[in-house]
Amino acid sequence: MKPIPVNAPHVSEAERDAVLECLTSGWLSSEGPQVAELERAFAHATQREFGVAVSSGTAGLDIAIRALGLGPGDEVLLPSLTIISCARAIVESGAKPVPVDCDPTDWNAHLHHFQARVTSRTRAILLVHLYGLCADLDPILSWTKERGLAVVEDASQAQGLLYKDRPCGSFGDISVFSLYANKVVTTGEGGMILCNADALAVRCRSLRNLCFEPARRFRHHDLGWNYRMTALQAALGIPQIRRLPDLASRKRALGEVYHDAFKGTGVFQIAPSSTPYAANAYWVFGLVVRPEAGFSRDELMAALDEERIGTRPFFCGLHEQPALLERHLIDPVSLPITESLARQGLYLPSGLGLSQDDQKRVIGAVKAFVADHS
Ligand SMILES: Cc1ncc(COP(=O)(O)O)c(C=O)c1O
C-alpha cells in the first residue's frame, strides 16, 4: 500500500524553472536578488510595507520579539496551543511567556482568554492563528491598543486566510510566517517577517545578519544571528506567492471535502467551515475525538498508521511542556480546553500534493475505523 504523507507538498514547473534559473545565474547565498524579490512579493500579497526573509519561522519569531525590545521583567501573552518556537523566542529575550486557553469550537485564543491572564507586567501579545482559522481580531486589537500592548502576529498557519477582507499577517505591529515545507507557500525551510515601520524592518534586517554595522564591517554594537535565507530558497517561493490565491483556494477545496465527509459524524468535533469573520483556510484538517466516541485519538492514529496514512497529534500546550516547567520558565496553570484538545485532537493528510484518490482513501479509512468501534 502506498504511504500517504501527512503533508505532501506540490511543486509545479514554475518552481522547478525558478530554482534552476537561480542555480544557473550563480546566486546561491542570501545576497542574490531573489531574496529581495520574494520579500517584496510577500509584503505586497499581505498588504504590508516591508518583508524580511529569514531561515525559518522560529528565527522570525526570535527576531520579532527582540526587535520589539521585549526583555527581562516583561510578560507576553500567547495561546498555549501552539508550537514551542513561540515560547522559546520569548524566553530567549528574557521575557516571560504567559500562555492562555482557547475556544473549544475554533481552537483559537479569543479576547477573554487574553484578558484572563493580563497583569501590570504584560507588554505584548503573540497572536497565533491555528490550523487555518483565526479568532475575532477586532476586539483583541482594540483592547491591545487601549492597553498599549505590542502585537506579534504569527500567521504561519494562516496563509491565504482573510479576517473580514484583510489578509492575516497584516494585523500585528510585526508578523511572522513559517515557510516550512508543509506551509501553503514554502521555501523548504524558511520564514518571513512583515511590518509597516521602516525602523522595525531595519532592526530586523540587522538582527538577521549578525548586526553587522554598515559603517565598519566586522564591528558590532549588538549581537544578532545568522538567520539569512538563501537565494535558492527565495527562488522557490517567488512563483508560489504569486499564485497564493490559487493555492489557497485549492487548500480550501481539500478542507471542504473533509468537512463534508465528517460534519455529521457525532464522534468528532471539527472546526467550522466559516465564522462570521473568516472562511476556514484549512491549513490542516483537524479531528477532535469526542470523549464518548468509544476510542481514543491515539488508537485512531495507530490504525491509520497501519494503513500507511500519516497523521499528527495537535500541539501539546506550552503550559504542559517539560522544557518550560522544569526550568520554571512558565507558571503551572490549568487550561482545560487546551489540555483536552492536546489529548484528543489530530490532523489528517492536508498537503497540496494530496490527490483526490488519496483523500478518498483517508476518509474511507477513518470511516471504517469508526464503524468498527461503534
Ligand atoms: C504557528 C507556527 N509558528 C512557528 C512555526 C515554526 O516555524 P519553522 O518550522 O519554520 O521554524 C510553526 C511551524 O510549523 C508554526 O506552525
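All values derive from a computational prediction rather than experimental measurement. Numbers given for residues are sequential positions, taken from 1 along each chain in its written order. At least 70 in pLDDT is required for a residue's local features to be given in this predicted model, at least 80 for side-chain atom pairs to be given and counted, and no such filter applies to totals for whole chains, interfaces and linings, which use all residues. Where side-chain values are given, they derive from all heavy atoms of the structure, hydrogens and water being excluded.

(A) Geometry of the packing of helix H3 (residues 57-67) against helix H4 (residues 84-93). Each axis is a line fitted through C-alpha atoms, taken for helices only over the stretch in contact, and angles between the N-to-C directions span 0 to 180 degrees. Per the convention used, a helix needs a DSSP run of H or I reaching at least four residues, while a strand needs a run of E reaching at least two, with both numbered from the N terminus. Relative orientation of the contacting elements H3 and H4 amounts to 35 degrees, with a least axis distance of 9 Å. Crossing handedness for the pair H3 and H4: right-handed. When H3 is examined against H4, the residues Thr58, Leu61, Asp62 and Ile65 are found in contact with a partner set consisting of Ser85, Cys86, Arg88, Ala89, Ile90, Glu92 and Ser93. For the contact of H3 with H4, the per-class residue count stands at five nonpolar, three polar and three charged. Should the near helix be turned counterclockwise from the far one by less than a right angle, the crossing is left-handed, whereas a clockwise turn marks it as right-handed. The contact rule is simple, with two residues in contact once any of their heavy atoms fall within 4.5 Å. Side-chain classes follow a simple rule in which Ala, Val, Leu, Ile, Met, Phe, Trp, Tyr, Cys and Pro form the nonpolar group, Asp, Glu, Lys and Arg form the charged group, and the remainder, Gly included, forms the polar group.

(B) Structural context of the site of the ligand. Any residue with a heavy atom positioned within 4 Å of a molecule or strand is treated as near that molecule or strand. Close to the ligand lie 14 residues; Gly57, Thr58, Asp154, Ser178 and Lys183 are nearest. Taking Gly57, its main chain carries an N or O atom lying 2.8 Å from an oxygen atom of the ligand. Think of a polar contact as two N or O atoms within 3.5 Å of one another; within protein, one of them needs to be a possible hydrogen donor and the other a possible acceptor, and neighboring residues in sequence only count if both atoms come from side chains. In the environment of the ligand, an oxygen atom lies 2.7 Å from a nitrogen or oxygen atom belonging to the side chain of Ser178. Per-class residue counts for the shell around the ligand are four nonpolar, eight polar and two charged.

(C) Layout of the sheet that holds strand S3 (residues 96-100). A pair of strands is labelled paired if DSSP reports no fewer than 2 bridges between them. One open sheet accounts for seven strands, arranged S1-S9-S8-S5-S4-S2-S3; its pairing is mixed. Among the strands making up the open sheet, the edge pair consists of strand S1 (50-54) and S3. In this sheet, neighbouring strand axes are inclined to one another by 20 degrees on average, regardless of whether the strands run parallel or antiparallel. Sheet topology places strand S2 (residues 75-79) next to strand S4 (residues 122-128); three bridges connect them, and they run parallel. Bridge pairing links Val76 to Ala124 in S4. Packed on one face of the sheet, helix H6 (residues 137-147) meets S2, S4 and strand S5 (150-154) and runs near 165 degrees to S4.

(D) Geometry of the environment of Arg166. Of note, Arg166 is situated in strand S7 (residues 166-167). Note on classification: 1.4 Å probe, protein chains only; a residue is buried when its accessible area is under 20% of the maximum for its type, exposed when over 50%, partly exposed between these limits. Residue class for Arg166 comes out partly exposed when judged on its relative accessible area of 35%. Setting aside residues no more than four positions away along its own chain, Arg166 makes contact with Gln47, Leu161 and Phe171.

(E) Looking closely at the packing of helix H2 (residues 33-45) against helix H8 (residues 231-242). Close contact between H2 and H8 brings their axes to 8 Å; oriented N to C, the two are set at 30 degrees. Judged by the inter-axis angle, H2 sits roughly parallel to H8. Crossing hand, H2 versus H8: left-handed. Contacts between H2 and H8 pair Gln34, Val35, Glu37, Leu38, Ala41, Phe42 and Ala45 from the former with Ala231, Ala234, Ala235, Gly237, Ile238, Ile241 and Arg242 from the latter. Taken together, the residues that form the contact of H2 with H8 break down as ten nonpolar, two polar and two charged. What sets the label is the angle itself: under 35 degrees gives roughly parallel, over 145 gives roughly antiparallel, 65 to 115 gives roughly perpendicular, and the rest give oblique.

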